[in-house]
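Understanding the architecture of this molecule
Listed below are the residues making up each chain.
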Protein chains: 2
Amino acid sequence: MLLSSIDPTGHTVPESATAERLLDAAERLMATHGIEGTSVRMITGEARANIASVTYHFGSKEGLVQAVFRRRLDWLNTERLRTLDALEAEARGTPLKPSKIVDAFFGTLLRMGQNPQQGGAVFLQLLGRTMTEPSQFIDSLLAQEHEAVIKRFKRALIQSLPNVPKAEIVWRFHFMLGATAYAIAGADQLAVIAGLRTKSSADRYMHQLQARLMSFLLGGLRAPLPDLSSTERSP
Amino acid sequence: MLLSSIDPTGHTVPESATAERLLDAAERLMATHGIEGTSVRMITGEARANIASVTYHFGSKEGLVQAVFRRRLDWLNTERLRTLDALEAEARGTPLKPSKIVDAFFGTLLRMGQNPQQGGAVFLQLLGRTMTEPSQFIDSLLAQEHEAVIKRFKRALIQSLPNVPKAEIVWRFHFMLGATAYAIAGADQLAVIAGLRTKSSADRYMHQLQARLMSFLLGGLRAPLPDLSSTERSP
DNA sequence: GTCTATATCATGATAGAC
DNA sequence: GTCTATCATGATATAGAC
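Residues numbered from 1 in each chain as written. Chains lettered and ligands numbered in written order. Predicted model: local features only at pLDDT ≥ 70, side-chain atom pairs only at ≥ 80, totals over all residues. Heavy atoms only, no water.

Right, let's talk about the protein's contact with DNA strand C for a bit. Near DNA strand C there are 14 residues, and of these A:N50, A:H57, B:V40, B:R41 and B:K61 occur at the shortest range. If you look at DNA strand C and keep only atoms within 4 Å of the protein, 57% of those are sugar or phosphate atoms. The separation between a phosphate oxygen of DNA strand C and a polar side-chain atom of A:T18 is 3.1 Å. Within the side chain of B:R41, one N or O atom sits 3.0 Å away from a base nitrogen of DNA strand C. Of all the elements in the fold, those that place two or more residues in the surface near DNA strand C are α3 (53–58) of chain A together with α2 (40–46) of chain B. Residue composition of the surface near DNA strand C, by class: five nonpolar, seven polar and two charged. (Near = heavy atom within 4 Å. Polar contact = N/O pair within 3.5 Å; in protein donor to acceptor, adjacent residues only side chain to side chain. Helix = DSSP H or I, 4+ residues; strand = E, 2+ residues; numbered from the N terminus. Nonpolar A, V, L, I, M, F, W, Y, C, P; charged D, E, K, R; others polar.)

In structure tokens form, the structure reads like this:
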């Protein structure tokens, strides 16, 4: 069943303790098992709520999934725009450094991973995995939530890098999204690879990830331009 | 039911026309709907085969999924190693250029997307999406298929970049994997973003993707090293 | 608002005729 | 090798008591 942004019973934002427990449980389980791999039974079991509670509070499983993402993405994107606004106000018309823009977008996301109030690493993992999931309604959900923000940041980057063609920046922004999505989705595995097995080193890991990913992203963003001459004909 | 590499009836490699149609249909459908989102009924329907044919030829749905990946990854990784071997033989002990190594690994993958004999863009999309999917058995399948190859390439990169710390290269290799996975998984969407809507421009799109992604990856790989001093304590 | 009980459907797998 | 028919299971969603 398709749901508009306001469901039949008028609940889109958690108004009860049960609804919030459902959101938390869904977020945690979907980060581990994927969205399709998480059943309503698993969610209500973990949240110590009744099977019917999902339908009551969110209209359907789909409504619950949307609410899980909205709760975090609204906060994230507001924060991103707020940061970019501040940077631009401070610069008074002079072009911003690309590193500042990249940090406002990707750094804000990564710092969410250390903010338990906003889902922490769990939501980061969920978001990363979702970004390549081939679900129609998720695609459109993420697109809606992100579209305006991404447009703003692309514009800022284009102004910030006058020597890089506009089209190239659009592609590279996409590549940056990919590197980030994968890095946060596979944080568990990567932590093992990096030899950090204990929970206590998780914080340190997130700091390392942030610093290292950021320099990687900037290196890619400012890389020498590709030779597209062979694009005309296959070599 | 768990399957070893040889199933009860002894079929792991397609020996019949039906088995091959099943592999093709599964590959196509899973690229679009995801692995969990693709049912055996969908596959047999598309392949014009019977419901029971999957069990007969591959033992289970899981066996079929494994066969889909093995068919392509075996070819891909053989090709990668062959290319790297040739480069090293040609260099006669002198260090390889990083761009050559990156091309042997990622370029070979991207060129698969223009090789219909090896699944073309369809398999690329499936692989990209799968790399962030949180399925246990897929994780281990990909790990098995990739482990030895990735080790070889990491070693080659470390030798090729003596000024970059070993750990940094490992992280950056992971970031490169992510940027690539996302780029090939979202090829549809990206094509739309880039303004290429017609099927006829798909080839040109893949060429552009290849050139642009490659320069991005190399830029990230050779980026200035991050400042990790703030890693000790949270800022 | 929360529960139990149930309706309805789709899934993966299998048995057994041909 | 291929089919039909069927199984057990688990999914979402809902009706109706409390």
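The next subject is the environment of A:S39. Structurally, A:S39 is set in the loop between α1 (17–33) and α2 (40–46). Linking A:S39 and A:A91, residues 52 residues apart in sequence, is a C-alpha distance of 49 Å.

Of the transformation superimposing chain B on chain A, the axial component is 0.0 Å and the angular component is 180°, with the fit at an RMSD of 0.1 Å. Within this description, the copies of the chain are treated as partners about a two-fold rotation axis. When the interface residues of chain B are mapped onto chain A, 96% of them again lie at the interface, so the same face is used by both copies. (Least-squares fit on C-alpha atoms with pLDDT ≥ 70 in both. Contact = heavy atoms within 4.5 Å.)

The next point concerns the environment of B:F173. Residues and elements named next belong to chain B. Residue placement: F173 occurs in helix α8 (residues 166–185). Note: C-alpha distance between F173 and F153 (20 residues apart in sequence) is 9.3 Å. In contact with F173, not counting residues within four places along its chain, are F105, F106, I150, F153, K154 and L157.

Lining the immediate environment of DNA strand D, one finds 15 residues, of which A:V40, A:R41, A:K61, B:T18 and B:N50 sit closest. At 3.4 Å, a side-chain N or O of A:R41 approaches a base nitrogen of DNA strand D. Residue assignment for the surface near DNA strand D shows that the elements contributing at least two residues are α2 of chain A together with α3 (53–58) of chain B. Classifying every residue of the surface near DNA strand D by side-chain character gives five nonpolar, eight polar and two charged.

All names here are of chain B. Two numbers describe how helix α7 (residues 136–160) lies on α8: the axes approach to 10 Å, and their chain directions differ by 125°. Here α8 runs oblique to α7, going by the angle between their axes. For α7 against α8, the interelement crossing comes out right-handed. Contacts between α7 and α8 involve I150, F153, K154, L157 and I158 on the former and, on the latter, K166, I169, V170, F173, M176 and L177. The class makeup of the residues in the contact of α7 with α8 is nine nonpolar, no polar and two charged. (Axes fitted to C-alpha atoms, helices over the stretch in contact; angles between N-to-C directions. Parallel < 35°, antiparallel > 145°, perpendicular 65-115°, else oblique. Left-handed = near helix turned anticlockwise from the far one by under 90°.)

Residues and elements named next belong to chain A. Topologically, T108 is positioned in helix α5 (residues 98–112). Among the polar contacts made by the side chain of T108, one reaches the main-chain carbonyl oxygen of A104 at a distance of 2.6 Å. When neighbours within four sequence positions are excluded, T108 is seen to be in contact with L76, E79, R80, T83 and D103.

Okay, the nonpolar core next. Among the nonpolar cores identified, the biggest contains 135 residues, and A:F69 and B:F69 are the most heavily contacted of them. When neighbours within four sequence positions are excluded, A:F69 is seen to be in contact with A:M30, A:I35, A:F123, A:L126, A:L127, A:T130, A:L141 and A:L142. (Core = buried A, V, L, I, M, F, W, Y, C linked by side-chain atoms within 4.5 Å. Buried < 20%, exposed > 50% of the residue type's maximum accessible area, 1.4 Å probe, protein only.)

Before going further, it helps to spend a moment on the interface of chain B and chain A. Every contact between the two is made by 52 residues of chain B and, on the other side, 50 residues of chain A. For the pair chain B and chain A, the two sides together bury roughly 4,600 Å², of which 70% comes from carbon and sulfur. The interface formed by chain B and chain A holds two salt bridges in total. A salt bridge links A:R212 to B:E168; the shortest N-O distance between them is 2.8 Å. (Buried area = accessible area lost by both parts, 1.4 Å probe. Salt bridge = Lys/Arg side-chain N within 4 Å of Asp/Glu carboxyl O.)

Turning our attention to the pattern of salt bridges. All names here are of chain A. The final tally for this structure, using the stated rule, is 22 salt bridges over all chains. Where R152 meets E88, a salt bridge forms, and the shortest distance between an N and an O atom there is 2.9 Å. With R152 in helix α7 (residues 136–160) and E88 in helix α4 (residues 61–91), this residue pair connects regions lying 64 residues apart in the sequence. Looking at R152, the relative accessible area reads 19%, which means it is buried. A salt bridge links E168 to R172; the nearest nitrogen and oxygen atoms lie 3.5 Å apart.

A separate point is the packing of helix α8 (residues 166–185) of chain A against helix α10 (residues 202–221) of chain B. At a minimum axis distance of 10 Å, the contact between α8(A) and α10(B) shows a crossing angle of 70°. Taken as axis vectors, α8(A) and α10(B) run roughly perpendicular relative to one another. Residue-level inspection shows A:A167, A:E168, A:W171, A:R172, A:F175 and A:M176 of α8(A) in contact with α10(B), the latter providing B:Y205, B:Q208, B:L209, B:R212, B:L213, B:S215 and B:F216. Across the contact of α8(A) with α10(B), the residue classes break down as eight nonpolar, two polar and three charged.

Once that is clear, we can look at helix α1 (residues 17–33) of chain B. Residue and element names in this part refer to chain B. With 17 residues, α1 should reach 24 Å at 1.5 Å per residue; the first-to-last C-alpha distance of 24 Å fits that figure. Listed in full, the buried residues belonging to α1 are A19, L22, L23, A25, A26, E27, L29, M30 and A31. Summarising the contacts, the buried residues of α1 are in contact with α2, α3, α4 (61–91) and α6 (120–130). (Expected span 1.5 Å × (residues − 1).)

Our focus in this paragraph is the side chain of B:K154. Within the element layout of this structure, B:K154 appears in helix α7. Although B:K154 is buried, it makes no salt bridge; B:E147 carries the closest opposite charge, 9.0 Å away. (Lys, Arg positive; Asp, Glu negative; His and termini not counted.)

On their own, these measurements won't tell you what the molecule is for.
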